[in-house]
Amino acid sequence: MSTFELLPERPNLHGHFSRDLPPILTVDSGDTVVYRTLDAMWSLEPRTSEIWDEWPRTVEPRDPKKDAGHCLIGPVAVRGALPGMTLEIRFEEIVPERTGWTFAGGWDSPENMALGTAHSGTVHLWELDRDTGFATNRQGQKVRIRPFLGVIGNAPDLPGIHDTAPPRFVGGNMDCRELVAGSRLFLPVAVAGAHFSLGDGHGVQGDGEVSGTSIEIGMERVVCTFILHPGLQLPLPRAETPAGLLTFGFHEDLNTATFSALNSMLDWMTERFRMSRSEALSLASLVVDLRITQIVNGVRGVHALLPNDAIPGLNRSS
């Protein structure tokens, strides 16, 4: 098993998904990659201004088409990965930088129009204390940090350049707050090599990401181990997290996304606990939580969470 390091240098960065984007690194199943990432806006230095349009220095040059999205690092190819397989990403460690920012309101989006915040915005700057586990803004407000990555995904098997904003069946901008260190994320592979990318660090975020931003932040250190599962076929991502088993649904319609996440959870429960689908549903109605992952990426996200030890004594088949 080998360990590699990837830094946020211009050749390693991109702002789109594409099956045609050449990998910057090829690894074997079992290898580990240590990343350092920039924030979603490609910032090279901390944001210091609470004035809306005063941005710090960013990575240049950038292609206005290929680098229009979140600042991602990759893609990393996994040797032997083929369409129909599953790539597991084990998040061994996630360490955020010490400063971040949050925007709310101030632009025309469906969410801001509905909430009456389209024409007035707020910028909060945050200092993160990794020893105490809290972030503090300039108003003295404190929140507990829970760092994770918003964009984690493989390349889709579609021609052309694809926006980083929506989540897809191969992952992407899922914005799931449960994918913290200690999580195991399982992503469907759509193209040979998988072509995996990540970015969009979050210091903390509530379910929904209702303003469209979290504490947006670069990551000082993200340690990922890649495991290829040739015999596991998944229609959508799933994860094992410190909070429990997680399945996802993505769709423009929130109801459709909800039933997609729930269907995937019932599939997993029948496989893992060797029970019928109706038995799984009866237990899910008691212990599975349905949560709105995010509502701000065009494609809505829902995740179903089966908490660890929610059903004591239930034997698992794997």
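Residues numbered from 1 in each chain as written. Predicted model: local features only at pLDDT ≥ 70, side-chain atom pairs only at ≥ 80, totals over all residues. Heavy atoms only, no water.

1. Some thoughts on the overall build of the chain
Here comes step 1: If you tally the helices and strands in the chain, you get three helices and 20 strands.
Here comes step 2: Compactness check: the chain gives a C-alpha radius of gyration of 19 Å against a globular reference of 20 Å for 318 residues, within 12% of the reference.
Here comes step 3: Dimensions of the chain, computed from the C-alpha atoms along their principal axes, are close to 55 × 40 × 40 Å.
Here comes step 4: When the 318 residues of the chain are sorted by exposure, 54% land in the buried category. (Helix = DSSP H or I, 4+ residues; strand = E, 2+ residues; numbered from the N terminus. Rg over C-alpha atoms; globule rule 2.2 N^0.38 Å. Buried < 20%, exposed > 50% of the residue type's maximum accessible area, 1.4 Å probe, protein only.)

2. Some details on the pattern of salt bridges
Here comes step 1: Here the structure, examined in full by the defined rule, presents 18 salt bridges.
Here comes step 2: The partner of Arg291 in a salt bridge is Glu178, and the shortest N-O contact between them spans 3.0 Å. Note that Arg291 is positioned in strand S19 (residues 289–294) and Glu178 in the loop between strand S13 (171–173) and strand S14 (184–188), a separation of 113 residues in sequence.
Here comes step 3: If you follow the salt bridges from partner to partner, you end up with Glu88, Arg90, Arg184, Glu240 and Arg272 in one network. (Salt bridge = Lys/Arg side-chain N within 4 Å of Asp/Glu carboxyl O.)

3. Some thoughts on the packing of aromatic side chains
Here comes step 1: Using the criterion set out here, one finds seven aromatic pairs in the structure.
Here comes step 2: Between Trp55 and Trp101, the ring centres sit 5.7 Å apart and the planes meet at 85 degrees, which makes this aromatic pair edge-to-face. Here Trp55, found in the loop between strand S4 (32–37) and strand S5 (72–78), pairs with Trp101, found in strand S7 (residues 99–105); they are 46 residues apart in sequence, far enough to count as distant.
Here comes step 3: The class for Trp101 is buried, based on a relative accessible area of 5%.
Here comes step 4: Among the aromatic residues, those joined into a ring-pair cluster are Trp52, Trp55, Trp101, Phe103 and Trp107.
Here comes step 5: The ring of Trp55 carries Arg47 above its face, with NZ or CZ at 4.7 Å from the centroid. (Phe/Tyr/Trp six-rings, centres within 6.5 Å; stacked < 30°, edge-to-face > 60°. Lys NZ or Arg CZ within 6 Å of the ring centre and 35° of its normal.)

4. Notes on the sheet that holds strand S8 (residues 121–129)
Here comes step 1: Read across the open sheet, the four strands follow the order S7-S8-S9-S10; overall the sheet is antiparallel. Single-partner strands in this sheet number two, and they are S7 and strand S10 (142–144). This sheet shows a mean twist of 30 degrees between the axes of neighbouring strands, independent of strand direction. (Pairing = 2+ DSSP bridges. Axes fitted to C-alpha atoms, helices over the stretch in contact; angles between N-to-C directions.)

5. What to know about the pairing of strand S6 (residues 86–96)
Here comes step 1: Of all 11 residues making up S6, eight are buried, and the element is well covered by its neighbours.
Here comes step 2: Taken together, the five bridges between S6 and S14 define a ladder with antiparallel strand orientation. The partner of Thr86 across the bridge, within S14, is Pro188.
Here comes step 3: Inspection of the sheet shows S6 paired to strand S16 (residues 219–229) by 10 bridges, in the antiparallel sense. Along S16, the bridge assignment pairs Glu88 with Ile227.

6. Some details on the layout of surface pockets
Here comes step 1: Counted as a void, the largest pocket has a volume near 640 Å³.
Here comes step 2: Taken together, 34 residues make up the lining of the largest pocket; nearest its centre are Met41, His70, Trp107, Gly212 and Thr213.
Here comes step 3: Every element with two or more residues in the lining of the largest pocket is listed here: S7, helix H1 (110–115) and strand S15 (196–202).
Here comes step 4: For the lining of the largest pocket, the leading source of residues is H1, giving three residues.
Here comes step 5: Here the residues of the lining of the largest pocket are counted per class, giving 13 nonpolar, 13 polar and eight charged.
Here comes step 6: For the second largest pocket, the calculated volume is near 280 Å³.
Here comes step 7: Ser43, Leu44, Glu45, Pro46 and Glu97 are the residues nearest the centre of the second largest pocket, which is lined by 17 residues in total.
Here comes step 8: Sorting elements by how many residues they give to the lining of the second largest pocket places S7 first, with three residues.
Here comes step 9: Class assignment for the residues of the lining of the second largest pocket results in six nonpolar, five polar and six charged. (1 Å grid on protein atoms, 1.4 Å probe; cavity = no way out; pocket = protein on both sides within 12 Å on 5 of 7 lines; lining within 4 Å. Points joined across faces, edges and corners; volume = space filled by probe spheres on them. Nonpolar A, V, L, I, M, F, W, Y, C, P; charged D, E, K, R; others polar.)

7. Observations regarding helix H2 (residues 254–273)
The periodicity of an α-helix, 3.6 residues per turn, causes residues three or four positions apart to be oriented the same way.
Here comes step 1: Here H2 contains 20 residues, and its C-alpha end-to-end distance of 28 Å stays within 8% of the 28 Å for a straight helix at 1.5 Å per residue.
Here comes step 2: All buried positions along H2 are accounted for by Ala257, Thr258, Ala261, Leu262, Ser264, Met265, Leu266, Trp268, Met269, Arg272 and Phe273.
Here comes step 3: If you follow the buried residues of H2, they end up packed against strand S17 (238–241), strand S18 (244–251), helix H3 (277–287), S19 and strand S20 (300–307).
Here comes step 4: Once H2 finishes, Arg274 follows within two positions and takes phi at roughly 50 degrees, a positive value. (Expected span 1.5 Å × (residues − 1). Contact = heavy atoms within 4.5 Å.)

8. Topic: empty space enclosed by the protein
It is a probe the size of a water molecule, rolled over the atoms, that shows where empty space is left.
Here comes step 1: All told, the structure shown has two cavities of 30 Å³ or more when counted by the stated rule.
Here comes step 2: Considering the residues around the largest cavity, the lining is formed by Leu234, Pro235, Leu236, Pro237, Arg238, Thr247, Ser264 and Asp267.
Here comes step 3: Approximately 30 Å³ is the volume attributed to the second largest cavity.
Here comes step 4: Looking at the second largest cavity, the residues that line it are His14, His16, Phe17, Ser18, Leu21, Pro75, Ala155, His195 and Ser197.
Here comes step 5: Residue composition of the lining of the second largest cavity, grouped by class: four nonpolar, five polar and no charged.

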